[in-house]
Amino acid sequence: MARPLHKAPESRDGPALIGQARALKLLGPLLEGSERVGVAIIGPELVGKSALVWAWMREARRQKRETPPVFATSGAQLIAGMSGLGQWQERLRRVLEAAETLGAVLYFEDMGDLFGDRAEGNVDLPGAIKPFLEAGRVRLMGELTPDALDLFESRHVGFFGSLNRIKLEPLSDEDTVEALRRRSAHDRDREPDRP
């Protein structure tokens, strides 16, 4: 149901995060604290939302901070193949209880996928996740564009009310150039044969 991102190579090695130091300082305490909370990372496409997540894992590892394991999943994965009455609810409950037991972070690279229209009928993933968030039973993190936030927030006020928000703004021209330079240098060092 999920990929263990904390075991991926990107969680140990990657270029430095540029221009989002404030967001990085906010994300660590939210996810590493004793209180289990939900976090929505909000920003336009390609602003560095995923880079922020990887940078948090690398920074915590570098500083030898104990962090919760991070598992990436999606709304589509959670309901795939579930056609019988109550099947997706049971699967989601098991996933959320496993995340609670492990103290893990459930990560949705595209949180908007939770709100998609499902051909299977009345699938309300946010409504089913909300009680776990409100009770402080799970850590959840997801990426969302401002347009998607505007679209879904009015329909799922309670779900969004239980999330902390970290907003990312586009980088300046100078920071963008520096980020590309560092990414290029990193890739050249790690994968010299890569085009």
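This is a predicted model, so every value here is computed, not measured. (Residues numbered from 1 in each chain as written. Predicted model: local features only at pLDDT ≥ 70, side-chain atom pairs only at ≥ 80, totals over all residues. Heavy atoms only, no water.)

A.B. asks: Can you help me understand the sheet that holds strand S6 (residues 163-167) in this one?
C.D. replies: Note: strands within a sheet are paired through backbone hydrogen bonds, in either parallel or antiparallel orientation. The strand order across the open sheet formed by 6 strands is S1-S3-S4-S5-S2-S6, and the pairing between neighbours is mixed. Of all the strands in the sheet, just strand S1 (3-4) and S6 have a single pairing partner and so form its edges. One ladder, built from 5 bridges, connects strand S2 (residues 38-42) with strand S5 (residues 139-144); its direction is parallel. Across the sheet, residue Val-39 finds its bridge partner in S5, namely Met-141. (Pairing = 2+ DSSP bridges. Helix = DSSP H or I, 4+ residues; strand = E, 2+ residues; numbered from the N terminus.)

A.B. asks: Honestly, the packing of aromatic side chains in this entry has me stumped. Any pointers?
C.D. replies: Any two aromatic rings considered together are summarised by their centre-to-centre distance and by the angle between their planes. All told, the structure shown has 4 aromatic pairs when counted by the stated rule. Measuring from centroid to centroid gives 5.7 Å for Phe-115 and Phe-159, while their planes differ by 75°, and the two rings are edge-to-face. Remark: Phe-159 occurs in helix H7 (residues 157-161) and Phe-115 occurs in the loop between strand S4 (105-108) and helix H5 (125-134); sequence separation between them is 44 residues. A relative accessible area of 6% places Phe-115 in the buried class. Here Phe-159 falls in the buried class, since its relative accessible area comes to 2%. Seen from their ring centres, Phe-159 and Phe-160 are 5.5 Å apart, and the 85° between their planes marks the pair as edge-to-face. Each member of the aromatic cluster is reached from another via a ring pair, and the members are Phe-115, Phe-152, Phe-159 and Phe-160. (Phe/Tyr/Trp six-rings, centres within 6.5 Å; stacked < 30°, edge-to-face > 60°. Buried < 20%, exposed > 50% of the residue type's maximum accessible area, 1.4 Å probe, protein only.)

A.B. asks: Mind showing me how you'd approach the packing of helix H1 (residues 21-32) against helix H2 (residues 49-62) here?
C.D. replies: A pair of packed helices is captured by two measures, namely the crossing angle of their axes and the spacing between those axes. It is at 10 Å that the axes of H1 and H2 come closest, and there the two elements cross at 70°. When the axis of H1 is compared with that of H2, the two are roughly perpendicular. Where H1 crosses over H2, the two elements pack in a sense that is right-handed. Listed contacts from H2 to Ala-23, Leu-24, Leu-27, Gly-28, Leu-31 and Glu-32 of H1 are Leu-52, Val-53, Ala-55, Trp-56 and Ala-60. Across the contact of H1 with H2, the residue classes break down as 9 nonpolar, 1 polar and 1 charged. (Axes fitted to C-alpha atoms, helices over the stretch in contact; angles between N-to-C directions. Parallel < 35°, antiparallel > 145°, perpendicular 65-115°, else oblique. Left-handed = near helix turned anticlockwise from the far one by under 90°. Contact = heavy atoms within 4.5 Å. Nonpolar A, V, L, I, M, F, W, Y, C, P; charged D, E, K, R; others polar.)

A.B. asks: Just to check I follow, could you spell out the environment of Leu-140 for this structure?
C.D. replies: On the secondary structure map, Leu-140 appears in strand S5. Exposure remark for Leu-140: the relative accessible area of 0% places this residue in the buried category. Taking the C-alpha atoms as reference, Leu-140 lies 8.2 Å from Arg-36; in sequence the two are 104 residues apart. Among all residues touching Leu-140, those that are not within four sequence positions of it are Val-37, Gly-38, Val-39, Val-105, Leu-106, Phe-108, Met-111, Ile-129, Leu-133 and Leu-163.

A.B. asks: I keep staring at H5 and nothing clicks. Help me out?
C.D. replies: Each full turn of the α-helix corresponds to 3.6 residues, which orients residues three or four apart in the same direction. For H5, the set of buried residues is Leu-125, Pro-126, Ile-129, Phe-132 and Leu-133. Taken around the axis of H5, the buried residues stretch over an arc of 120°, which confines them to a single face. Check the buried side of H5 and you find it contacts S2, helix H3 (75-79), helix H4 (87-102), S5, H7 and S6. Two to three positions downstream of the cap, the backbone nitrogen of Gly-127 sits 3.0 Å from a side-chain oxygen, assigning the N-cap of H5 to Asp-124. (Arc of directions from axis to C-beta. Polar contact = N/O pair within 3.5 Å; in protein donor to acceptor, adjacent residues only side chain to side chain.)

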